[in-house]
Amino acid sequence: MGKRILLLFAVFLMTASIGFTQNIDPASVNVSELSETQITKMKEEIAKRGLTIDQALVLAKQRGASETQVSELRMRLSGMGGTSTNASSSSSTISSNNSSDNKTESYNQEENANALRKEKRDNAEDEELRKIFGASLFLAKDVTFTPSGIVNASDDYILSIEDEVTIQIWGDAQATYQLRVNTSGAILIPDLGPVYVKGKTFKNAVRTIKQMLIGIYSGMKGPNPTIFSDVALSWQHDIKIIVMGDAVTPGTFTLPANSTAFNALYASGGPNMSGSFRDVRVVRNNKIIAHLDLYDFLVNGTINEDVQLRDNDVIYIPGYISRVELTGAFRKPMKYELLEGEHFNHLLKYSGGFAENAFTSKVKVERIVDGEKEIQVIDSIAYNSFALTNGDVINSGKVLNKYKNKVVIKGAVFRPGAYQLKDEMQLSSLIKEASGLRDDAYLDRGFLTRKRDNMEMENISFGLFSVLNGDSDVTLRSDDVITIRSRFEMQEIKNVSVFGELNNPGEYPYVDNMTLQDLIVRAGGFTRDADVSFIEVARSLTNKEAAVLSDTISHYYSFSVDRDLRLSSEGKGFVLEPFDVVYIRRAPGRRKFGSIKLRGEVMYAGDYSIISKKDHISDIIKRAGGVTPDAFVNGAMLIRKTQLSDIELERLQDLAKDEEIDVKVERERTEIVGINLDKILSTPHGPLDILVQPGDEIKIPKNMETVRISGNVMNPIASVYKKGLTVKKYINKSGGFGERSRRSKVYVIYANGTTAVTKNFLLFKNYPRVEPGAEIIVPRKPIKQDQTTKWISIGSSVASLAVAIATVVNLTNK
């Protein structure tokens, strides 16, 4: 019994199909305890009512279901594969059977119809359909005209079987009834009995119901009632509609009873390529009751003839009679359907009119006459009367990119740009229109560029002095372009340059009466490394001097100045000239700070500053406290960073390019300098004790006890160092020489980076000595060319040469 009540409540929660249910508390329902059978029945009831899952859940929430219950119901129904949550998926169906099973099947057919319509939207025909004005309204995938089943009914709505009426009582008594019109055409009001409403208008049905309610609620009587009622239509029955003719998806559709002809059109996908948008017909009882012109909605936003449908109504879409196409500069260049009596001005209205850049005085019409095409031109005065025929193509051209009254002035005027050419306009008048000449205008000459009648360009020069004084003037024409140069454009840009120890060295614009002190201030003043006692100025030759061939190419001046920019007496009156170059030298004693790194076995490893230009390796080691007892001084290594010069860098880059080596040549490189630290420390500042440089790094390893043997040996290994062992004995420890070893070229790399090679004398080989940390390397002999192939090649060449000689001899003898 409890499960039955739970099921009834769940179905009520989802579909509002159960009648008076005041005694059930929605919060008491545990959705997780509902069986799969109960969920399946819910799904069937939802489909029967034409609801989507989302709509059903909204109803459940309105009747007191919690968010948790709604969420659980959504998950369980979705898991069962319930009806689609897309509102448009339940908008139409191809079935009229009112039984529960057939109803569910009808909605499955509806989904198939929608899928068919979407398939048509995705094929190639869809692109052609979009070119027809109005088709995009039905092709939009996110737009639906399908009405909801829960609506307010109009007064003239005719009640029928399966309609659902909600009656609310309030005041001294409270009650809610949700009653469906049964197959007898009545609703059953508890404690009252049947009230027959089928076939009545909603207005009359409400009046009848309220009169019947007085029989059980006496408080509704009299002028001062204490009990009140309200009657609403909470669900409408479905109707069967047939869409015929040139529709995208013709067929039979099941829609809510409040659907209109527009709803049925959208359900069928609208007119197809051949269908009419101007004469959609609604047929009822074999009579045409309405003609729908979809352009009223598309152009004006109104649906004056959209009728509410009834069961078994027919929507018929005939083929179009006349369709024309707009191309070119129209706001909506598409294909349009015209009715008899409509002219080009109607077409302009439907298309939104001409585009902004259209040539509106006339349009061209391409028309088929007697099996051939011809061109007709419509003047604007005939737009209201020119009749178009089926298949016409109307083209509107764009305005020409040409001005008939434009002149342009550029350059040294206050307001350059395009201006209106007035009648008999003179150049002087245009200059005034442009607010006059700038102060820097070059007055000796300006020029005018003009297009001749044969489209060739010509140049007309004029003197601005004469134009401004009224001595001469130029009459302008359309498209004339006047250019007035600035004096500064007519001369080389004057600069002065300053280089060296300044905060902002570089080029600076020259100004009259600029002094040396002025330029130094503009450049941000001296750096701390500047030698202010030695300032050079280089000056180019004058035009007169440059006209004479001589060895002198510039003039040279030298001055001194203190850091407060007080010049010496000879420099106080020195004024710079254009193109002067000033040099500020670095003070001789200034050197950039540098440091050297000590790593490994010294008492205090780390970075050390170079305090003197004559700091040697021994000096740095001494400042570090000397080497530790574990230091292997013979393995000490100096790593030095050097900078390639521009020439060296360019040469290496060209070499890599010529050899087709894909490697980036860096300016900075690192090299190992072989040093003998033992002798350096025993003889400080001796011939082996080199000067250190900024960035140097000295590594002193710990005592090494191994020797490595590598290269073309049988077993490359690292062997324990033993004093007195020769290179050959170490090689024997690694299994001996390999098959193609080049024994005469064996060499040893010592721990400090230096190398010693084998010395050969006749048949004797003097191998280098071996020290701890050394590596013995045995190179491989290069692979030589196959001798057999070589001799065959030589023999073939000799034979060919012999044949050639014999041929020549024979020819000579003949």
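Predicted model only: the values in this text are computed from it and were never measured.

Regarding the pattern of salt bridges
By the definition in use, this model includes 25 salt bridges. Here glutamate 501 ties to arginine 586 by a salt bridge, and the two come within 3.6 Å at their closest N and O atoms. Of the two residues, glutamate 501 is situated in the loop between strand 21 (495-500) and strand 22 (506-509) and arginine 586 in strand 25 (residues 581-586); the sequence distance between them amounts to 85 residues. Residue classification places arginine 586 among the partly exposed residues on the basis of a relative accessible area of 34%.

A few points about the nonpolar core
In terms of nonpolar packing, the biggest core is built from 77 residues, with Ile167, Ile169, Ile209, Ile315, Phe344 and Ile394 touching the most fellow members. The element contributing the most residues to this core is helix 9 (residues 261-267), with six residues. Residues contacting isoleucine 167, with those up to four places away along its chain left out, are Ala175, Thr176, Tyr177, Leu179, Ile189, Ile209, Leu213, Asp230 and Val231.

Section: the sheet that holds strand 22
Ordered by their spatial adjacency, five strands build an open sheet running 22-21-25-23-24, and the pairing between neighbours is mixed. A single partner strand is all that each edge strand has here, and the edge strands are strand 22 and strand 24 (554-559). For this sheet, the mean inter-axis angle between neighbouring strands, taken without regard to orientation, is 20°. Sheet analysis places strand 23 (residues 530-540) next to strand 24, joined by six bridges and oriented antiparallel. Residue pairing for strand 24: glutamate 536 is matched across the bridge by serine 558.

Focus: the side chain of threonine 208
Mapped onto the secondary structure, threonine 208 falls in helix 8 (residues 202-213). For threonine 208, a relative accessible area of 19% puts it in the buried group. Setting aside chain neighbours within four positions, we find threonine 208 in contact with Val195 and Lys200.

As for helix 11 (residues 344-351)
Because an α-helix completes one turn every 3.6 residues, residues spaced three or four positions apart along the sequence face the same direction. Taken residue by residue, helix 11 has Phe344, Leu347, Leu348, Tyr350 and Ser351 as its buried positions. Considered in projection along helix 11, the buried side chains sweep an arc of 165° and stay on one side of the axis. Next to the buried residues of helix 11 lie helix 10 (294-300), strand 11 (323-328), strand 12 (335-337), strand 13 (362-369) and strand 15 (393-396). Where helix 11 terminates, the next one or two residues include glycine 352, which has phi positive at roughly 85°.

Side note on the pairing of strand 13
Here strand 13 runs beside strand 14 (residues 372-379); their pairing, made up of eight bridges, is antiparallel. Looking at the pairing, valine 363 lines up with isoleucine 378 of strand 14. In sequence, strand 13 turns back onto strand 14 through a hairpin of two residues, with aspartate 370 there showing a positive phi of about 55°. Where strand 13 and strand 15 come together, three bridges link them in antiparallel fashion. Bridging from a neighbouring strand, lysine 364 pairs with asparagine 395 of strand 15.

Section: the environment of histidine 291
Along the chain, histidine 291 falls in strand 9 (residues 287-292). Of the polar contacts made by the side chain of histidine 291, one reaches the side chain of aspartate 279; its length is 2.7 Å.

Quick look at the confidence of the model for the chain
On average, the chain scores 80 in pLDDT, and the residues at 70 or more come to 80%. Of the regions scoring below 50 in pLDDT, residues 1-24 engages in 55 contacts with residues more than four places distant in sequence or in other chains. Of the regions scoring below 50 in pLDDT, residues 80-113 engages in 78 contacts with residues more than four places distant in sequence or in other chains.

Procedures and definitions
- All residue numbers refer to positions counted from 1 along the written sequence of the respective chain.
- Whole-chain, interface and lining totals are the exception, using all residues; otherwise, since this is a predicted model, local features are given only for residues with pLDDT of at least 70 and side-chain atom pairs are given and counted only at 80 or more.
- Hydrogens and water molecules were not included; the side-chain quantities draw on all heavy atoms of the structure.
- Salt bridge, as used here: a side-chain nitrogen of Lys or Arg that lies within 4 Å of a carboxyl oxygen of Asp or Glu.
- Per the convention used, a helix needs a DSSP run of H or I reaching at least four residues, while a strand needs a run of E reaching at least two, with both numbered from the N terminus.
- Only protein chains enter the accessibility calculation, which uses a 1.4 Å probe; a residue is then buried when its area is under 20% of its type maximum, exposed when over 50%, and partly exposed in between.
- We define the nonpolar core as a collection of buried residues of types Ala, Val, Leu, Ile, Met, Phe, Trp, Tyr and Cys that are connected through side-chain atoms lying within 4.5 Å of one another.
- Contact criterion: two residues are considered in contact whenever any of their non-hydrogen atoms come within 4.5 Å of each other.
- Here a strand pair is declared whenever DSSP counts at least two bridges between the two strands.
- Angles shown run from 0 to 180 degrees and are taken between the N-to-C directions of axes, each axis being a line fitted to C-alpha atoms and, for helices, limited to the stretch in contact.
- This arc describes the spread of directions from the helix axis toward the C-beta atoms.
- Polar contact is the term for a pair of N or O atoms within 3.5 Å; when the atoms are in protein, one must be able to donate a hydrogen and the other to accept it, and sequence-neighboring residues count only if both atoms are side-chain atoms.
- For every residue, the pLDDT score states the predictor's confidence, bounded by 0 at the bottom and 100 at the top.

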